[in-house]
Amino acid sequence: MDLEAVRTFVVVTEAGQFQKAAADLSITQQAVSKRIAALERGLGVRLFTRAPRGAELTIDGQAFLPHARELLRVAERAVTSVRPGRRPLRVDVIASRGAQSGLMRGFHRAYPEIDLDVVMLFEIETAVAAIRSGAIDASFRAVAAPGRPLPEDIESVRVLDEPLQLLTGPAHALAGARSVTVAQLAGHRIWMPGIVPGTEWGAYYDDLVAEFGLTIEATGPNFGSDALLDTIADTPALATFMGEHTRLIWPAGHGLRRIPVTDPTPVYPHSLLWHRDNPHPALATLRAHLGAAAAGHAAAGTWAPGWVIPR
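Residues numbered from 1 in each chain as written. Predicted model: local features only at pLDDT ≥ 70, side-chain atom pairs only at ≥ 80, totals over all residues. Heavy atoms only, no water.

Student: Where do I start with the overall build of the protein in this structure?
Tutor: Helix and strand content of the protein: nine helices and 13 strands. Taking 19 Å as the expected radius of gyration for a compact globule of 311 residues, we find that the protein reaches 29 Å, considerably beyond that expectation. Along the first, second and third principal axes, the C-alpha set of the protein runs to 95 × 40 × 35 Å. Counting only residues that meet the buried cut, the protein has 43% of its 311 residues in that class. Across the protein, the fraction of contacts at a sequence separation of at least 24, relative to all contacts at a separation of at least 6, is 74%. A gap of 8 Å separates the mean positions of the 30 positive and 32 negative side-chain charges of the protein. (Helix = DSSP H or I, 4+ residues; strand = E, 2+ residues; numbered from the N terminus. Rg over C-alpha atoms; globule rule 2.2 N^0.38 Å. Buried < 20%, exposed > 50% of the residue type's maximum accessible area, 1.4 Å probe, protein only. Contact = heavy atoms within 4.5 Å. Lys, Arg positive; Asp, Glu negative; His and termini not counted. Charge placed at Lys NZ, Arg CZ, Asp CG, Glu CD.)

Put into structure tokens, the structure is as follows:
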């Protein structure tokens, strides 16, 4: 159905005359008549009758009018949904309690006038495909795993190196330490059921194990952070890693300890990814905000995997 013909029908209805509708639409009266005639042929009904006072709706025209108006409203919403600057900025974060979500909360506080849609995708391939299709505008990722470089049309910038901390229960052998070195973790069981092979965070922890000879176990089902915290609190033989900026709350009786890791401090490298041709004006604002707040990368005393290339 020709939306311009539908729009002309609504304007004629509101104007009451073909001549006035032509003036309102900045077209000729003949063009108005042709559009209405084509619409009537397509519908198989008469929409107007000529009267001394102008154009009057037939019964069929009266029935069609509310649907015509709704068609125009739906069309406008469709255009608005993809028009840069008129739709929300869509950004992917891995988890709602992680550092990436914290970065977006900070951005929202700084720019409350910018509409945001925050989504949570899973694998980096899914996120990159969504960026390239326009389904999202940006994604926070650890750039890419070894042997899987980003496509040439995807840009990235390192925005945060997040130190890892050791999380233990009160009865763990390291629970009383103010900090622990990476060497001290050798021989201790670090349980992380959320690690999924093939993901960028899976590659990160594989490199961490290979570099320092750690024991990281991903066995058992992943029932989420609450179940993980319960197990760590009740099992002296297990500890886990968490990011320094991860926001978790647990019952006071758990007695969990968050312990900095040093010599060197492993950092998880968060980067922002976007399509180089994305025109959304808020994307540039987000990049500038994150750039101003970014900590220094490859700082002395820290470790990140060698496949992460800051850009």
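Student: Would you mind showing me how to read the packing of aromatic side chains here?
Tutor: Think of a pair of aromatic rings as described by two things: how far the centres are apart, and how the planes are tilted against each other in angle. Tallied over the entire structure, the rule returns ten aromatic pairs. Arranged with centres 5.4 Å apart and planes meeting at 85°, the rings of Phe122 and Trp201 form a pair that is edge-to-face. Within this pair, whereas Phe122 is found in the loop between strand E4 (116-119) and helix H6 (124-133), its partner Trp201 is found in helix H7 (residues 200-212), the two being separated by 79 residues in sequence. Given a relative accessible area of 42%, Phe122 falls into the partly exposed group. One aromatic cluster is present, formed by Tyr204, Tyr205, Phe212, Phe241, Tyr268 and Trp303 through successive ring pairs. A cation over an aromatic ring shows up here: Arg50 above the ring of Phe18, its NZ or CZ 4.2 Å from the ring centre. (Phe/Tyr/Trp six-rings, centres within 6.5 Å; stacked < 30°, edge-to-face > 60°. Lys NZ or Arg CZ within 6 Å of the ring centre and 35° of its normal.)

Student: In this structure, what is going on with the pairing of strand E2 (residues 54-57)? I would like to understand it.
Tutor: Looking down a regular strand, the side chains alternate between one sheet face and the other. Bridge analysis of strand E1 (residues 48-51) against E2 gives four bridges, and the strand direction is antiparallel. Note that in E2 the partner of Thr49 across the bridge is Glu56. Taken together, E1 and the strand that follows it, E2, pair antiparallel across an intervening segment of two residues. (Pairing = 2+ DSSP bridges.)

Student: Can you help me understand the side chain of Glu200 in this one?
Tutor: Along the polypeptide, Glu200 turns up in helix H7. At a separation of 3.1 Å, a polar atom in the side chain of Glu200 contacts the side chain of Arg141. (Polar contact = N/O pair within 3.5 Å; in protein donor to acceptor, adjacent residues only side chain to side chain.)

Student: How should I be thinking about the packing of helix H2 (residues 18-25) against helix H3 (residues 29-43) in this particular structure?
Tutor: A pair of packed helices can be characterised by two numbers: the angle between their axes and the separation between those axes. At a closest axis distance of 8 Å, the pairing of H2 and H3 adopts a crossing angle of 105°. Between H2 and H3, the angle falls in the class roughly perpendicular. Contacts from Phe18, Gln19, Ala21, Ala22 and Leu25 in H2 reach Gln29, Val32, Ser33, Arg35 and Ile36 in H3. Here the contact of H2 with H3 is built from residues that sort into six nonpolar, three polar and one charged. (Axes fitted to C-alpha atoms, helices over the stretch in contact; angles between N-to-C directions. Parallel < 35°, antiparallel > 145°, perpendicular 65-115°, else oblique. Nonpolar A, V, L, I, M, F, W, Y, C, P; charged D, E, K, R; others polar.)

Student: Explain the pattern of salt bridges here, please?
Tutor: Pairs can form between side chains of opposite charge once their charged atoms are near each other. As enumerated under the stated definition, the model contains 13 salt bridges in all. Where Arg73 meets Glu70, a salt bridge forms, and the shortest distance between an N and an O atom there is 2.9 Å. Separated by three residues within a single helix, Arg73 and Glu70 lie in helix H4 (residues 59-82), roughly one turn from each other. Taking relative accessible area as the criterion, Glu70 reaches 32% and is therefore assigned partly exposed. The structure contains a network of salt bridges with shared partners spanning Glu4, Arg7 and Arg35. (Salt bridge = Lys/Arg side-chain N within 4 Å of Asp/Glu carboxyl O.)

Student: Sorry if this is basic, but what is going on with helix H1 (residues 3-15) here?
Tutor: Each α-helix winds once per 3.6 residues, and so residues spaced three or four apart point in a common direction. Compared with the 18 Å implied by 1.5 Å per residue over 13 residues, the 18 Å span of H1 between its first and last C-alpha is a close match. Capping the start of H1, Asp2 holds a side-chain oxygen 2.9 Å from the backbone nitrogen of Glu4, two or three residues further along. Phi for Gly16, located one or two positions after H1, is positive at around 85°. (Expected span 1.5 Å × (residues − 1).)

Student: Help me out: how do you make sense of the pairing of strand E12 (residues 265-275) in this one?
Tutor: Counted residue by residue, E12 has eleven buried out of eleven residues, so it is predominantly covered. Strand direction decides the pairing type here: strand E5 (residues 138-141) and E12, joined by four bridges, are antiparallel. If you follow Phe140 over to E12, its bridge partner there is Leu272. Here strand E6 (residues 154-168) runs beside E12; their pairing, made up of nine bridges, is antiparallel. Pairing of Ile154 across the sheet is with His275, part of E12. Note: E12 against strand E13 (residues 302-303), two bridges, orientation parallel. Looking at E13, one finds that Thr265 is bridged to Thr302.

Student: How should I be thinking about the confidence of the model for the protein in this particular structure?
Tutor: Low-pLDDT portions of the prediction should not be read for the details of their coordinates. Predicted confidence across the protein gives a mean pLDDT of 90, with 93% of residues reaching 70 or more. Mean pLDDT values for the elements of the protein range from 86 in H4 up to 97 in strand E7 (residues 180-181). (pLDDT = per-residue confidence, 0-100.)

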